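Report on the structure
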Amino acid sequence: MEGDSFATRARNAINGKYESCMRRSIQSIVLFEAGRCLASRYGQLRPFQRKIALYGTVLELLNTLDFLTDEQRSHIMLRTQASGERLPMDLAWRRMKVLDKEIKTAILPKVKGLFEGGLGEGKTHDEICEMVLQSDYETVTEKTGTYPQTFEYNHYNIFLIYRIYYRGMDLDPDLFAPVAPYIEVPQQKPANMRDYPVGGLVGDISGIVPSPRVARASGGGRGVASFPNISNMNISYNMQQTLMEENKRRAMLKEVKDHTELLKEFEGIISDEELQNRKRALYEALPPVPPPFQRGGKGRKSGDGGHRHGKKAKASEAAASVVDDSALPAMDDDESWV
């Protein structure tokens, strides 16, 4: 097929229009395609290198999806939309590994049932997809109306893989060949895989927007995902959290400012009391003032004349930056992969 590619099929599968409900479906297809791209190379890589290479390939594939804005692209590889936390590489690897199995156990038996019952004969691939989704919608909801588009993405975030890669019960025989991007991986396993700056990404929770400084230092360029040695980079989880919180705070301030300016246009149209109530609600939504910056190292004198030892200060800061998975918020329905 002329012009056939991952980006082309992904765009056609969603009719070129991305909606927020599609986030996990897009995440599924980029993980699936990244797995295809690297399948022949895994034997040459150590386990930790495979995970880093997979994540770097995912980011490169996301950059080929021109129907996504930069903001939308930055949300795809979040662990959950609510947490704003980047999907850890270990979890991305595990999700990629189960996708093929989930397709074979959750979707293909239903497709097989259509053909065995004579309902799939002479149907196009798109018609087969619609029949499976409609049947599932009626079973799950006990309704008979046409299923809404959101049902596919909320109930079946792996179904987009079937749409793109399968024809009937098998992979499309005319499927485009996978193209693996150039990905550099470290020779030694990073001390903390969770905080490893994938693709040289700094301060961005998704790891989509590269830091020019890191890109130059690592020799990376546009279209190349480089993975610099973490030992040469003074980047901590604490710093990333600080940048993330500051970005959120600035966004909230801008939103309040924009709404305040918009209210001025309604002066004389709605009552003064209503205007004041709306302004008061906006002011209450303002984020708190950030705490004053304190330098690391030796502590300042405390009120009782004591000193906080520099090593103890650093140790307490390090302890505060450690994230325990068991303490993270519940994953809601994002932990279910089907």
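Computed from a predicted structure; not experimentally measured.

Here we take up helix α5 (residues 89–106). The terminal C-alpha atoms of α5, which comprises 18 residues, lie 25 Å apart, in line with the 26 Å expected from a rise of 1.5 Å per residue. Buried residues of α5: Met89, Leu91, Ala92, Trp93, Arg95, Met96, Leu99, Glu102, Ile103 and Ala106, and no others. In this structure, the buried residues of α5 make contact with α2 (23–38), α3 (47–64), α6 (108–116), α9 (159–165) and β1 (166–167).

Scanning all chains against the criterion turns up 14 salt bridges. Between Arg9 and Asp4 there is a salt bridge; the shortest N-O distance is 2.9 Å. When its relative accessible area of 7% is taken as the criterion, Arg9 is described as buried. As a salt-bridge pair, Glu33 and Arg36 come within 2.8 Å of each other at their nearest N and O atoms. With a gap of three residues between them, Glu33 and Arg36 both fall in helix α2, about one helical turn apart. The class for Glu33 is buried, based on a relative accessible area of 2%. Residue classification places Arg36 among the partly exposed residues on the basis of a relative accessible area of 21%.

Let us look at unusual backbone geometry. At Asn15, a position not held by glycine, the phi torsion is positive, near 60°. Mapped onto the fold, Asn15 is located in the loop between α1 (6–13) and α2. We note that Glu142 has phi near 60°; this positive angle belongs to a residue other than glycine. When you line up the elements, Glu142 lands in the loop between α7 (125–141) and α8 (149–155). Exposure remark for Glu142: the relative accessible area of 73% places this residue in the exposed category.

A few words on the side chain of Asp136. By the secondary structure assignment, Asp136 is in helix α7. According to the relative accessible area criterion, Asp136 is buried, its value standing at 8%. Side chain to side chain, Asp136 and Tyr156 meet in a polar contact 2.5 Å long. Those residues in contact with Asp136 that sit more than four places away from it in its chain are Lys110, Phe151, His155 and Tyr156.

Bringing the packing of α3 against α5 into the picture now. Two quantities define a packed helix pair, namely the angle between the helix axes and the distance between the axes. The geometry of α3 relative to α5 is characterised by a closest axis approach of 9 Å and an angle of 80° between their N-to-C directions. Taken together, the axes of α3 and α5 are roughly perpendicular relative to one another. The segment α3 lies against α5, with Arg50, Lys51, Ile52, Leu54 and Tyr55 engaging Met89, Asp90, Ala92, Trp93 and Met96.

Turning our eyes to something else, we now look at the nonpolar core. If you look at soluble globular proteins, the nonpolar side chains tend to sit buried side by side. Ranked by internal contacts, the top residues of the largest apolar core, which has 65 residues, are Ile26, Val30, Leu62, Leu65 and Tyr162. Of all the secondary structure elements, the ones that give two or more residues to this core are α1, α2, α3, α5, α6, α7, α8 and α9. Sequence-distant contacts of Ile26, that is, excluding residues within four places in its chain, are made with Tyr18, Leu62, Leu65, Phe67, Ile76 and Leu160.

So, on to the environment of Cys37. Tracing the chain through its elements places Cys37 in helix α2. For Cys37, a relative accessible area of 5% puts it in the buried group. Here the alpha-carbon distance between Cys37 and Leu54, two residues 17 residues apart in the chain, equals 8.8 Å. Not counting residues up to four positions away in its chain, the partners in contact with Cys37 are Thr57, Pro178, Val179 and Ala180.

Reading the values: the criteria
- Residues numbered from 1 in each chain as written.
- Predicted model: local features only at pLDDT ≥ 70, side-chain atom pairs only at ≥ 80, totals over all residues.
- Heavy atoms only, no water.
- Helix = DSSP H or I, 4+ residues; strand = E, 2+ residues; numbered from the N terminus.
- Expected span 1.5 Å × (residues − 1).
- Buried < 20%, exposed > 50% of the residue type's maximum accessible area, 1.4 Å probe, protein only.
- Contact = heavy atoms within 4.5 Å.
- Salt bridge = Lys/Arg side-chain N within 4 Å of Asp/Glu carboxyl O.
- Polar contact = N/O pair within 3.5 Å; in protein donor to acceptor, adjacent residues only side chain to side chain.
- Axes fitted to C-alpha atoms, helices over the stretch in contact; angles between N-to-C directions.
- Parallel < 35°, antiparallel > 145°, perpendicular 65-115°, else oblique.
- Core = buried A, V, L, I, M, F, W, Y, C linked by side-chain atoms within 4.5 Å.

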